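Geometric and topological summary
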Amino acid sequence: MARFIDELKRTHLCGDLREAHVDQEVVLFGWVQSRRDHGGCIFVDLRDKSGVVQVMFDPSIGQSFELGDASRSEWVLGVKGKVRDRGEMKNPRIPTGSIEVIALEATVFNKSETPPFAIEDNTETGEDKRLEYRYLDLRRPKLQKALIARSKMMSTTRQHFDQNGFIEVETPYLLKYTPGGARNFLVPSRHQPGSFYALAESPQLFKQLLMVAGYDRYFQIVKCFRDEDMRLDRQPEFTQIDVEMSFVNEDDIFGMIEGLLFKLFKNVLGMDLHEKYPSGHFPRMRWGESMRRFGNDKPDLRFGIEHIDLTELVTEHDGGGIPFFEPIAKKLKSGEYRKDLPEEIVKALVIPASGNFTRADGDKLEQYVKGMGAGGLARAKLGDDGSWTQSPLSKSVTDAMRVAINKACNAQPGDILCFQFGPVDKVHTIMANLRVHIAKKLGLIPEYGSGGRFELLWITDPPLFERDETSKRWAAAHHPFTRPHDACLDLLEKDPGKVLCHRYDVVLNGFEVGGGSIRLHDPSVQARVFKAIGISDEEAEQKFGFLLRALKLGAPPHGGIALGLDRLAMLLTEGEAIRDVIAFPKTQKGTDMMTGAPSPVNAEQLVELKIATLK
RNA sequence: GGGGUGGUAGUUAAGCUGGUUAUAACGCAUGCCUGUCACGCAUGAGGCCGCGGGUUCGAGUCCCGUCCACCCCGCCA
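Residues numbered from 1 in each chain as written. Chains lettered and ligands numbered in written order. Predicted model: local features only at pLDDT ≥ 70, side-chain atom pairs only at ≥ 80, totals over all residues. Heavy atoms only, no water.

Observations regarding the nonpolar core
Nonpolar side chains tend toward joint burial in soluble globular proteins. Among the nonpolar cores identified, the biggest contains 44 residues, and Phe161, Val243, Ile257, Phe282 and Leu456 are the most heavily contacted of them. Among the elements that take part in this core, helix H6 (residues 250-269) stands out by supplying 10 residues, more than any other. Those residues in contact with Leu456, other than ones at most four positions away along the chain, are Leu261, Phe265, Leu273, Tyr277, Phe282, Pro283, Val506, Val507 and Leu508. (Core = buried A, V, L, I, M, F, W, Y, C linked by side-chain atoms within 4.5 Å. Buried < 20%, exposed > 50% of the residue type's maximum accessible area, 1.4 Å probe, protein only. Helix = DSSP H or I, 4+ residues; strand = E, 2+ residues; numbered from the N terminus. Contact = heavy atoms within 4.5 Å.)

This is the structure in structure tokens:
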């Protein structure tokens, strides 16, 4: 029978003790945060998941002084003691600072080697080192708070969908491989050598089948696996809040998800989004408008610096004397490029004079955009009379063009105009990133984190197809089961690039935190979509046969959405990266710094699977 | 696949144009100290300068290659 744990049960958490507990005897279990030795008395800050409290070991009180004297950082202690008021010696910087615990009796559950880094929030230790000792990193209050918040998000989610009549259904992770979308992790089959399962990149097809099966309202908090390259907000395995509903339109789904997000903000941050969105709804923006104003489909609305599309203006002026612009203007005028869907565009954005950008800053911006494949960053500073200075364009640009651009950009003296031109996607990528980059340089938003502002919106009505430049064909922009707008059905054959669809993303501070669509349940329209992207009946049957068959056996109209739980958690907890809200994340190359995964396996395992590796 | 940044005690960093014994702070160890809470004071230990090659009389420093981490493009809901 051990004295502590068996006889002495924990009575309180360290961080919960307050003046109200004075004179109470308490039993605490925790880790030594720090130890201060005054020769006579010793102070130990004891930490558990709730916080820290000061324990005092006094040689004249109790029998535990020797233990306090010997203890070191991260030792695991049990302490029985009495809470007392600190009198004049209060520490206002910590929540428990007005009291302390006088140790009467204590035990060492476990000693600790000197940890490789200190367990404290403002750590300077590099992330790779912290990932190697992830269990130590997870002891830091910041990470504990993040994971607790994440847990709160999951319980809130389950509660929300439960209250709204949803059923949580688990779907398989080991799937039949279906082409398209993300690259899959493959899992070899032992029973059928040479065959492989694919790890689920999402439960997409299964949730649609659940609608066909009549479950009507499904959700799942589910792991997804994608063998693609990592980013700050991407991990090879991540968690989605996956939702599907029958007999609904976009408004129904938006309302359900808005309801969830309102609760998540309330329960995790204590923030009432009704103050910002009194209607209970987030603003909506069409995809086309988002691309025009921000260059991507996940605009950060916390700041301006919007894009100005100059393509039309430049065409009217035949390039306006600017050699870079002239070829594009010519092609648009001659009709080689369609005016409504040009292959190349000209865009500008304005760095306000208040930013005090120097030429050196401009050169750095140029380096930045070159890193994204830009040829350069043409720019011009506005003089008091509207002239362009510090610019290679200033000599050749016509006065009319210059005045027109200044007006279109609403540029003021001292402002700097930045230009990009060329293929649409490239210009958009570069300008969208440049916009955010400049906003950070100007301090309009912090390097990471919300800065206390949360801007949510829906992006709606994107094109159904996108141009695949390698095959020169149309491809499904999302997946081929997205329902086109009824008004666009005629265009499926005539002008696929102009077909809009019932797809939507929910965006928070420049991050896509969710996306979904209303699905196509009409087999005849489905056939036309396949045809538009060059998928034959046989091919469709082979790839998606089970779903297509199901859609012909009484499929209700349905649609859904999936929210990225990790990204949402990152944003709500002010994390720097998605890794901060995942207990055991992987590095950018997919390795686990702690366990060393992935690793080679021994030859017998490969023989059993009948797998040979290539050199 | 491509571009960028970084890698020096346990940790974080400094180390200039190549030069003799590679610095500092924190941490750690030992001793002193009964009111600290970033405790203080004294003493001390601690280094494959990521790895491999090259240039040189001499490389932490210059060159080439490579590995690792992070950020971005491509890719990816």
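Describing the packing of helix H5 (residues 204-212) against helix H15 (residues 537-551)
H15 packs onto H5 with a crossing angle of 25° between their chain directions and a minimal axis gap of 10 Å. With respect to each other, H5 and H15 are oriented roughly parallel. In this structure, H5 crosses over H15, and the sense of that crossing is left-handed. Residue-level inspection shows Leu205, Gln208, Leu209 and Val212 of H5 in contact with H15, the latter providing Phe546, Leu547 and Ala550. Along the lines of polarity and charge, the residues of the contact of H5 with H15 split into 6 nonpolar, 1 polar and no charged. (Axes fitted to C-alpha atoms, helices over the stretch in contact; angles between N-to-C directions. Parallel < 35°, antiparallel > 145°, perpendicular 65-115°, else oblique. Left-handed = near helix turned anticlockwise from the far one by under 90°. Nonpolar A, V, L, I, M, F, W, Y, C, P; charged D, E, K, R; others polar.)

Focus on unusual backbone geometry
Glycine aside, residues mostly have negative phi, and peptide bonds are mostly found in the trans state. Put simply, Ala597 and Pro598 share a cis peptide bond, and its omega is 0°. Checked against the element boundaries, Pro598 lands in the loop between helix H16 (565-572) and helix H17 (603-609). One non-glycine residue, Asp461, lies in the positive phi region at around 55°. Relative to the elements of secondary structure, Asp461 occurs in the loop between strand E18 (456-460) and strand E19 (465-468).

Some words on the sheet that holds strand E10 (residues 217-225)
Think of a sheet as strands paired side by side through backbone hydrogen bonds, with each pair either parallel or antiparallel. A sheet is described by the order of its strands in space; here 8 strands give the open sequence E6-E10-E11-E23-E22-E21-E18-E12, paired in mixed fashion. Looking at strand neighbours, the two that pair on one side only are strand E6 (167-168) and strand E12 (284-286), the edges of this open sheet. As judged from the 6 bridges shared by strand E21 (residues 503-508) and strand E22 (residues 511-518), these two strands associate in the antiparallel manner. The residue bridging Leu508 from the neighbouring strand is Phe511, located in E22. Where helix H4 (residues 141-163) meets the sheet, it contacts E6, E10 and strand E11 (237-246), and its direction lies at approximately 150° from that of E10. Along the sheet, H6 contacts E10, E11, E12, E18, E21, E22 and strand E23 (558-564); its crossing angle with E18, the most-contacted strand, is approximately 160°. (Pairing = 2+ DSSP bridges.)

Considerations on the protein's contact with RNA strand B
The immediate surroundings of RNA strand B are formed by 50 residues, with Asp37, Arg84, Arg226, His478 and Arg503 found nearest. Each atom of RNA strand B within 4 Å of the protein was assigned to sugar, phosphate or base; sugar and phosphate come to 55%. Interatomic distance of 3.1 Å between a backbone N/O atom of Gly40 and a phosphate oxygen of RNA strand B. A distance of 2.7 Å separates a base oxygen of RNA strand B from a polar atom in the side chain of Gln54. Among the secondary structure elements, those contributing two or more residues to the surface near RNA strand B are strand E1 (25-37), strand E3 (51-57), helix H2 (127-132) and helix H12 (424-441). Ranked by residue count, the leading element in the surface near RNA strand B is H2, at 3 residues. Taken together, the residues that form the surface near RNA strand B break down as 10 nonpolar, 17 polar and 23 charged. (Near = heavy atom within 4 Å. Polar contact = N/O pair within 3.5 Å; in protein donor to acceptor, adjacent residues only side chain to side chain.)

Digging into the sheet that holds strand E8 (residues 186-188)
What the 3 strands build is an open sheet, ordered E7-E9-E8; its pairing is antiparallel. Strand pairing shows two members of the sheet lacking a second neighbour, strand E7 (174-175) and E8, which therefore form its edges. In this structure, E7 lies alongside strand E9 (residues 196-199), joined through 2 bridges in antiparallel fashion. Across the sheet, residue Leu175 finds its bridge partner in E9, namely Ala198.

Description of the pairing of strand E2 (residues 42-48)
A large share of E2 lies buried, amounting to 7 of its 7 residues. Here E2 shows two buried faces, one formed by Ile42, Val44, Leu46 and Asp48 and the other by Phe43, Asp45 and Arg47. Judged from the 6 bridges that link them, E1 and E2 form a sheet pairing that is antiparallel. Bridge pairing in E2 links Arg36 to Phe43. As consecutive antiparallel partners, E1 and E2 are separated by 4 residues, and within that stretch Gly39 has a phi angle of approximately 80°, a positive value. Relative to E3, E2 runs antiparallel, the two sharing 7 bridges. Within E3, the residue paired with Asp45 across the bridge is Gln54. Taken together, E2 and the strand that follows it, E3, pair antiparallel across an intervening segment of 2 residues.

Observations regarding the pattern of salt bridges
Going through the model one piece at a time under the given rule, you end up with 44 salt bridges. The partner of Arg183 in a salt bridge is Glu228, and the shortest N-O contact between them spans 3.4 Å. With a gap of 45 residues between them, Arg183 in the loop between E7 and E8 and Glu228 in the loop between E10 and E11 connect regions that are remote in the sequence. By relative accessible area, Arg183 is classed as partly exposed at 48%. One salt bridge connects Arg528 with Glu493, and the closest N-O pair in it is separated by 2.9 Å. Here Arg528, found in helix H14 (residues 523-532), pairs with Glu493, found in helix H13 (residues 491-494); they are 35 residues apart in sequence, far enough to count as distant. Three or more residues are tied together by salt bridges with common partners; here these are Arg3, Glu7, Glu25, Lys80 and Glu105. (Salt bridge = Lys/Arg side-chain N within 4 Å of Asp/Glu carboxyl O.)

With respect to the environment of Arg528
Owing to a relative accessible area of 29%, Arg528 belongs among the partly exposed residues under this scheme. Taking the C-alpha atoms as reference, Arg528 lies 16 Å from Gly545; in sequence the two are 17 residues apart. In contact with Arg528, other than residues within four places in its own chain, are Leu489, Asp490, Leu492 and Glu493. A polar contact is formed between the side chain of Arg528 and the side chain of Glu493, at a distance of 2.9 Å.

A closer look at the packing of H4 against H16
Remark: H4 packs on H16, axes separated minimally by 10 Å, with the N-to-C direction vectors making an angle of 125°. Classified by the angle their axes make, H4 and H16 are oblique. Classified by chirality, the crossing of H16 by H4 is right-handed. Along the contact surface, H4 presents Arg150, Met153 and Met154, while H16 presents Leu565, Asp566, Leu568, Ala569 and Leu572.

As for H16
The element H16 is largely enclosed, with a buried count of 8 among its 8 residues. When we look at burial in H16, the residues that qualify are Leu565, Asp566, Arg567, Leu568, Ala569, Met570, Leu571 and Leu572. Following H16 by one or two positions, Glu574 adopts a phi angle in the positive range, close to 60°.

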